[in-house]
Every structure is written in C-alpha cells, then in structure tokens.
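# An overview of the molecular structure
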Amino acid sequence: MAALFLRWLVAFLLLALTYNPTSWNYLRWAMSGWDSQTPMVVLAGLVLFTGYVIYLRATLRSIGPFGMALVTALVGALLWVLVDWKVLRLDNPGLNTWIGLLALSFILGVGLGWSILRRRLSGQADIDDVDE
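Residues numbered from 1 in each chain as written. Predicted model: local features only at pLDDT ≥ 70, side-chain atom pairs only at ≥ 80, totals over all residues. Heavy atoms only, no water.

This part covers the overall build of the protein. Summing up its helical and strand segments, the protein has five helices and zero strands in all. Along the protein, helices and strands appear, N-terminal first, in the series α-α-α-α-α. For the C-alpha atoms alone, the extent of the protein along its principal axes is close to 55 × 45 × 25 Å. For the protein, contacts bridging at least 24 residues in sequence account for 61% of all contacts bridging at least 6. On the protein, roughly 9,200 Å² of surface is accessible, and the fraction owed to carbon and sulfur atoms is 72%. Across the protein, the 9 positively charged side chains and the 8 negatively charged ones have centroids separated by 5 Å. (Helix = DSSP H or I, 4+ residues; strand = E, 2+ residues; numbered from the N terminus. Contact = heavy atoms within 4.5 Å. Areas by Shrake-Rupley, 256 points an atom, 1.4 Å probe, with all protein chains shown as cover. Lys, Arg positive; Asp, Glu negative; His and termini not counted. Charge placed at Lys NZ, Arg CZ, Asp CG, Glu CD.)

Helices that pack against each other are described as a pair by the angle of their axes relative to one another and the distance between those axes. In contact at an axis separation of 8 Å, helix α1 (residues 2-18) and helix α5 (residues 93-122) are set at 150 degrees when each is read in the N-to-C sense. With respect to their mutual orientation, α1 and α5 come out roughly antiparallel. For the pair α1 and α5, the sense of crossing is right-handed. Of the residues in the contact of α1 with α5, the class split is 16 nonpolar, three polar and two charged. (Axes fitted to C-alpha atoms, helices over the stretch in contact; angles between N-to-C directions. Parallel < 35°, antiparallel > 145°, perpendicular 65-115°, else oblique. Left-handed = near helix turned anticlockwise from the far one by under 90°. Nonpolar A, V, L, I, M, F, W, Y, C, P; charged D, E, K, R; others polar.)

What follows deals with the pattern of salt bridges. Summed over the entire model, instances satisfying the criterion amount to one salt bridge. Between D91 and R89 there is a salt bridge, with the nearest N and O atoms lying 2.2 Å from each other. By relative accessible area, which is 52% here, D91 ends up exposed. By relative accessible area, R89 is classed as exposed at 58%. (Salt bridge = Lys/Arg side-chain N within 4 Å of Asp/Glu carboxyl O. Buried < 20%, exposed > 50% of the residue type's maximum accessible area, 1.4 Å probe, protein only.)

Locating N20 in the fold gives a position in the loop between α1 and α2 (26-33). Judged by relative accessible area, N20 falls into the buried class, the value being 4%. Not counting residues up to four positions away in its chain, the partners in contact with N20 are N25, R28, T97, W98 and L101.

Moving on to helix α3 (residues 38-62). In a regular helix each residue adds 1.5 Å, so 25 residues correspond to 36 Å; α3 covers 36 Å between its end C-alpha atoms and thus fits that length. Those residues of α3 that are buried lie in contact with α1, α2, α4 (64-84) and α5. Where α3 ends, the next residue or the one after it, G64, has phi of about 70 degrees, a positive value. (Expected span 1.5 Å × (residues − 1).)

Right, dumping it as structure tokens:
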C-alpha cells in the first residue's frame, strides 16, 4: 500500500507544482519570471513535462482511455454523492481547484499503480514481473 500511496503523492505533487490556487506554482512563476529567468523556466517546464509524459504513458498503457474514463466517472460520482449529502460545497473556487487536483492525481496514481493492484487482487503476474 505504501507504493500505491507514493505513486499517488508524486502525481499530486506534479499537478500541484504545475498549478494550484496559491501563488506557489510553476505557471505563475513562469509568467512572472520569463524575462529574467528564461533558462530556469524552460528547465523546470521540461522536468514537469517529463513527469507528465511518464505518468500519462504509464496510465494509458496500464488502464487505457476506457479505464481513465471509468476512474474519472467513479471520482465524479463520489464527488456528486458528497455534494448531495452536503459534506462538500462547490461554491469555493480555490477548494474546487484542490478537489480537481486530488481527482486528477487519483486517476494518475491508479494508472501508475494498476499493475500492483491487479497483481494483489488477482494473484496473476504481468509480463514485466518475470524478474521478481
């Protein structure tokens, strides 16, 4: 479970570093520092882009577009239930952004950790698991 949590946490950090409702994010820093820190902005952008490529490629290979849509629908339904039960209110744009970041990071975390989950649930190994 620690491996799955770590994959989700890294996905959340990747998304939150790129954009969040605070002033501490890549997009705001890049817009304000483009003229004076262009090389650092480009380097940081490429590092973030590399993280997205790794996560998206692994997620698409692991659960595919249909799986991504299914996990998105499950997260959306869970949010709908929480709003319906009045546990969650959607009138705060900052909170909505954090909820969106959590939802997207959950989708990426599930995608990256799906092989681990499937192996634990089914007892079947993937082709990539031959060396283990």
